[in-house]
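Spelled out from the first residue to the last, the chains are:
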Amino acid sequence: MSITNKSDAEILAIALPMIDAVINASNQQDWTSFCAYQTQQEALDPDNKAAVLKAWREQVLFTSLSLDREVLGVLRNDQVAQIIWKQTSTKVAGEYLARYFVQEIDQEIKEVGFLID
């Protein structure tokens, strides 16, 4: 069953622990844990890794993400579910829009995108 056929509650039950793990890894600047849910192609992409490492070095936001969040909704596009929430930081003022994209690939739920604007 595609993840997009699941209810919002079912998608959140799957994705929120993944998001928590990725946020913790980002705060610890732990690349191995950060990419644990990514597709192998994405995890091994040197450009992806370089962009994340640069963000960790240059932007305090990405190493001080709060685990507290207000989920705004779940969207479905094709075979991808997108979880959207208000993201805050423990060190940077303000609220940011966060989006986490998941897809079922080879019977596994994988991260296929994570953005904070």
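Before going into details, it helps to say that this report is about the structure given with it. Here the structure is a predicted model, which means the values were calculated and not measured. All residue numbers refer to positions counted from 1 along the written sequence of the respective chain. Confidence filtering applies because this is a predicted model: local features only for residues at pLDDT of at least 70, side-chain atom pairs given and counted only at 80 or more, and all residues used for totals across whole chains, interfaces and linings. Each side-chain value is worked out from all heavy atoms of the structure, with water and hydrogens disregarded.

### A few points about the packing of aromatic side chains
Working definition: rings of Phe, Tyr and Trp (its six-membered ring) pair if their centres are within 6.5 Å, and the pair is stacked with planes under 30 degrees apart, edge-to-face with planes over 60 apart, and tilted otherwise. With the rule as written, the count across this model stands at 4 aromatic pairs. Relative to W56, the ring of F34 has its centre 5.4 Å away and its plane inclined at 85 degrees; by these criteria the two rings are edge-to-face. Of this pair, F34 sits in helix α2 (residues 31–34) while W56 sits in helix α4 (residues 46–58), placing them 22 residues apart in sequence. Given the relative accessible area of 7%, F34 is considered buried. Both rings, one in Y100 and one in F114, keep their centres 5.6 Å apart while their planes meet at 75 degrees; by these two values the pair is edge-to-face. Linking Y100 in strand β3 (residues 96–105) with F114 in strand β4 (residues 108–116), this pair joins segments that are 14 residues apart in sequence. Taken together through their ring pairs, the aromatic side chains of W31, F34 and W56 make up a single cluster. Runs of E in the DSSP output that reach at least two residues are strands. Runs of H or I that reach at least four are helices, and both are numbered from the N terminus. To sort residues, take the accessible area from a 1.4 Å probe on protein chains only and compare it with the maximum for the residue type: under 20% means buried, over 50% means exposed, and anything in between is partly exposed.

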